[in-house]
Structures are given as structure tokens and as C-alpha cells.
2 protein chains.
Amino acid sequence: MNNAELMATLKKQAALIDVVMEKDLTIIESPLLAQIIRHAIFQGGKRIRPLLTLLAASLVGPPPAETARLAISFEYLHAASLLHDDIIDHATLRRGAKTANTIWGMEPVILAGDYLHARAMAVACEVGGPTAMALIGRATAAMVESEFLQMHNATEMLISEEKYFQVLTGKTAALIAAACEAGIACNHGSAEQRLALRTYGTNLGLAFQIIDDLLDYLGDPGKTGKAVGNDFQEGKMTIPLIKTLEQAEDKDHETLVALLKATPQERREQLSTAHALIEKYQGFVLARAQAELLLTEALAGLVIFNEANTKAHLTALAYYVLNRDK
Amino acid sequence: MNNAELMATLKKQAALIDVVMEKDLTIIESPLLAQIIRHAIFQGGKRIRPLLTLLAASLVGPPPAETARLAISFEYLHAASLLHDDIIDHATLRRGAKTANTIWGMEPVILAGDYLHARAMAVACEVGGPTAMALIGRATAAMVESEFLQMHNATEMLISEEKYFQVLTGKTAALIAAACEAGIACNHGSAEQRLALRTYGTNLGLAFQIIDDLLDYLGDPGKTGKAVGNDFQEGKMTIPLIKTLEQAEDKDHETLVALLKATPQERREQLSTAHALIEKYQGFVLARAQAELLLTEALAGLVIFNEANTKAHLTALAYYVLNRDK
């Protein structure tokens, strides 16, 4: 199969995941609750987490039929965390559409997040038992802990690469790693196989977030649905900027630090200055190289599996993450 | 044992539950997260839900050692829902102390609620497997659904007793019933025994909430930690008022409806009018009689068990609920 064919199979599987979610969500009684949850789930989304669960399970052998239900629990958890994140960040737009909190306000959206969260865990435990639940429990704990770490880091102005990756590991990579590992576990894979997929997921998750950081500076707003330079304007230290600060000569370092101390308004006006300095010190190139390295490591770990077809899909997914423009 | 001795044993068990929670919560890494969760859990609380899990398990036979861990998951869920409820209600006081959202703001408290929620489910699934998890999943879904039902009801001014009980069943009784049923299930009780405890828990939960409604009108603020007449001031239809409206002659009915349409300020000024009308139509007496009836039914269902000592404790707990002043 060539890459286009691989991506087409993944799209087909994503559509099947949507069917499973559609059916599962008919359990909801309140029309408003159903509406909010459907908005959270079907307003876009790439289904990367449930696809990974299905692919990981396929590495071990033909996956049991209920694997798709285990898989959706990871999409639910992801959607639940986005609902609460958007409240916390007072976000008004996601995937080019109004956020749920903008449409319905805080009250029902906190509750809808709680519902999805509980549903995720109920479904995961029903299908995957205490093993899947332990994976999900640890991933959720890591997500919350990393948000607290991020809040703590926000009190310092300059963040080290190490601290930044510590946050990313909890915030994005933990759930993706759990989605991968759960696929192996539900198909009775070995401890070695679980470790390989946990590593694949962690590295893929970190690379995913680095690409997100790059798109924030370099993306086409028409495709990403987000304004360029958002992170910088908010004073967020992400990988391109962190790498630049590590390399910058004193004068340029001072310029960037002064901008980080300035107001969001000033940072918006000086975005091109920051952009030029990141270019000068190869912040974008270095960040991209790191994402590529992480994906190479992720894929290297798959050597222990024989399923060539599934490995090809996991490789295609990794390159999709690397080359996505939205 | 007399009642004082029974309550003393329950207090001792509650203290043991606190020890189990203390130990379990050392898993939290972020100091701020730990602080918020400790505030949510150890700032008061009667531990009724975990006590019920332990007592229910004892009805079947000596409970397995890990029952205490299953029990704490119900206290965690309760605390998680209070954290989110207080954000939604913009509540500033609970149990006579500042609410977490008042102290730390919305952001970390939403996340702390998510953490506790996930921890509850992870612990429950670890100890009680998919059976306990299914009970918790259904109870959480019922809690959220009932909040949506309540929001929907709020668009109507007069609520029927039936609709009111429908909300209460999801909001308070479902989790208490799940805590009871999980105790039976974890000790391998029969379907009949599970049903008996689910019924006990549902009725106890409904009675608990009726007493809450009565305390809102009749309680001593020094003990309840809440102002008298809060519910009426907010225009909340609770059982004493619903029963009064059912009985009231046209003129009195109109007076109450006019007050419900008035401003909170006007309702605060006219609280004594409402109070007098509820007295006139025996709204308080009828509400209390209903709570007593529910508890009688709750206890009648325990006849299938032989464990006299545990039944005595469950009876003491029921009367504690009925006679509490805070």
C-alpha cells in the first residue's frame, strides 16, 4: 500500500469509530447533554487516540470485536479534557467552531465533561477490566498533575527544555501512550510489547505537541483555525522559543526576555521580531529535527512486531503527525 | 449496644476511613493539588457513603480487607461533585469554611475535581472490578443527568413532587444507593441482597435530602453553617414548599406564586410569610413524615439479613440522618 492508501484505510477506521461512538452515546437521556457531548466529539477531531488503540491491538493479532469500544474511551477522555480546558482558558474557538462554553456557558459544560469522563472510564473498565482502567487512571492523573506543573512553571518566566517536556509528557503524551498500551493489553500482549507501544505513544505524543507548537508560529490560519503567534502573544514558552533562548547571544536573549515581560499587546506588535530571532537561531529547524528524532525512535521500537501491514499504518500515522498542516 | 455506642462505633469506622484516604492521597505529586483535595475531603464531611459500603459488605459476612479502599471511592466521588457544584453555583461557603473555588479560583478546582473523579474510579475498579465500576458509572451518569433535568425544570416555575423526586433520585440517592450496593457486590452477595441495599440506599438518600430541605428552613445557622431560607430566597422549590402548594387555597397559592416570581431580595424580606404558609398547610410536618416513611421502608428491606449488629448500625445511621441538625 502506498501512503495515500494507508491514510484512506485509517480514515475508514476513523469513520467506524464514529459509528461506535454514535451508538454508545444514545444512552444519554437529556437532549441538552447529548447536544453538548455531540458537539465536543463530532465537531472535527482526528480520532488519533482510538485509531492507535485499534492499531496497537492489531500488532499482537486480530483484535477482539470489543476493542473498538475500548478505543472510544480514549476519544471520550480527550474530548472531556478539551471541554474543561476550554472553560479554564476561556477559549472561544476550537477547530474553527465556537467552543461549547461559548455556546452553552460554564455550568452545563463542566457537567458534560464529567459525564464523558465517567463514561470513558465505565466503557474502558467494562471492556478492558482493571488493566485498562489502571492505564486510564494513571494517564488522567498525569494530565492533571501536568496542568498543576504548568501553573507552577508559569510563575517562572524562563522554562528549561526539561521542564517543558515534563509538562508535555503528562499533558499530551500520557493519554496517547495509554491508548497505545491499552490496545496491546486488551489483546493479551507481553510486557515487552506493552513497553514498546508505551514508548511509541509517548514519543508520538511529544512529537505531536512540538508540531503543534510549530504550527502556532508557522501554520496557515485558514487551515489551523487559529491565529498565528497565539502562544507568543500569551507569553507561552514553547519549544521553538526555548531552543532559541538556549542559543541566543546576550543582546538577542535580552530582547526576547524583554518581550516576554511586556504586555500581550506589545508582543503581538513585535511578533515579527520574535519570529526573526527564532529563525536566526534555528529554533524552528531544531524543533522540527527533535520531532523527527522522536518519531524515528517511536518507529524503531516497533521492530519487535511482525505485522508489516499494521506497522505500515503506524508509520503512516507518525508521518501524518509530522507533516500535518492543521 | 445503645444508640450512643452504635454512633461511637460508626465514628471510629469513619476515622479509619480517613486514615485510608490519607494514605491513598499521598500518591498526589503537586503540593497545590494535594492541598485542594485535602481541603475538599478533610474539611468536615460525615463519611456516610463509605460507612454504608462497609456496613453493607458486613451484612453478607466479614468484609474483605480491601473493602475500605472501595469505600473511599464513594467519598472521593462525592467530594469531586461538590468541588464542581460549588464552582457552578458560585458558592462561597461549605461546612462553615470557604469553598475551594473561593480560595484557589476556578481553574485548579475544576482540575482537582477531575483528579478525584478519576482516582475514585481507578480505586473502585482496582478493588471491585467491572461490577463496582459499572455501579459508579451509572451513579455518575445519573448525577449529571439529574443536574440537566434540574436545569430543565428551572425553566418551569412550579415543579411537581414527582419531578422533584426524579431529580433527587439522580442527584443524591443514586450515589448513596451505589455505595450500598457496591458493598454487597464486593462481598459476593446475591442479586436479592444487592436489590435490598440499593433500595435502602435510594430511600436513605431521598430522606437525607428531604431533611436537608427542612434544615434549610428550620435549621440553626450556627450548626448548619448556612443562612436560614436560602432555598426560598433563591426561588428553589423544595419539598416543604411543593407540599404546601399542593394543599394551599387559591389565595395562599397566589401569594406564594407571586413571591416565587418576585426578586430574591423580596423573597428574603417575605421569608416569614412563606414560612407561615408552609406551617399553615403542614408543609414541614408532611415533609418530615415522608422522610420517616422512606426510612421505615429502607429499614424494612433489611429483614432478609441476619447480621443483627450491622443492621443495628444501619438503623442508627438512618435515625442519625433523620434527626441530624447539621
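Please read these numbers as outputs of a predicted model, since none were measured by experiment. (Residues numbered from 1 in each chain as written. Chains lettered and ligands numbered in written order. Predicted model: local features only at pLDDT ≥ 70, side-chain atom pairs only at ≥ 80, totals over all residues.)

1. Focus: the interface of chain B and chain A
How big an interface is tends to be stated in terms of accessible area lost as the parts join. With 33 residues of chain B at the interface, the matching set in chain A holds 33 residues. Sorting the residues of the side of chain B that touches chain A by element identifies α2 (31-42), α4 (67-88) and α6 (106-153) of chain B as the ones contributing at least two each. Per element, the largest residue contribution to the side of chain B that touches chain A is 26 residues, and it comes from α6(B). Tallied by class, residues from the side of chain B that touches chain A come to 20 nonpolar, six polar and seven charged. (Contact = placed C-beta atoms within 7 Å. Helix = DSSP H or I, 4+ residues; strand = E, 2+ residues; numbered from the N terminus. Nonpolar A, V, L, I, M, F, W, Y, C, P; charged D, E, K, R; others polar.)

2. Brief notes about the relation of the copies chain B and chain A
For the match of chain B to chain A, the screw axis carries a shift of 0.0 Å, the RMSD comes to 0.0 Å, and the turn is 180°. Here the symmetry operator amounts to a two-fold rotation axis. Taken together, the interface assignments show that 100% of the residues at the interface of chain B recur at the interface of chain A, consistent with an identical surface on both copies. (Least-squares fit on C-alpha atoms with pLDDT ≥ 70 in both.)

3. Here we look at the environment of Thr9(A)
Note that Thr9(A) resides in helix α1 (residues 3-24). Counting along the chain gives 293 residues from Thr9(A) to Leu302(A), while the straight-line C-alpha distance between them is 20 Å.

4. Here we look at the environment of Leu294(B)
Residues and elements named next belong to chain B. Examined against the element boundaries, Leu294 turns out to sit in helix α15 (residues 283-300). Residues Leu294 and Val60 lie 234 residues apart in sequence; the distance between their C-alpha atoms is 23 Å. Setting aside anything within four residues of it in sequence, one finds Leu294 in contact with Asn203, Leu206 and Ala207.

5. Some points on the confidence of the model for chain A
The predicted model of chain A averages 92 in pLDDT, with 100% of residues at 70 or higher. Under the prediction, the complex receives an ipTM of 0.90, its pTM being 0.91. (pLDDT = per-residue confidence, 0-100.)

6. Regarding the packing of helix α4 (residues 67-88) of chain A against α6(B)
Taken N-terminus to C-terminus, the directions of α4(A) and α6(B) make an angle of 165°; their axes are 9 Å apart at the nearest point. Between α4(A) and α6(B), the crossing angle belongs to the class labelled roughly antiparallel. Crossing hand, α4(A) versus α6(B): right-handed. Contact with α4(A), carried on its side by His84(A), Ile87(A) and Ile88(A), involves Glu107(B), Ile110(B) and Asp114(B) of α6(B) and no other residues of that element. Broken down by class, the residue content of the contact of α4(A) with α6(B) amounts to three nonpolar, one polar and two charged. (Axes fitted to C-alpha atoms, helices over the stretch in contact; angles between N-to-C directions. Parallel < 35°, antiparallel > 145°, perpendicular 65-115°, else oblique. Left-handed = near helix turned anticlockwise from the far one by under 90°.)

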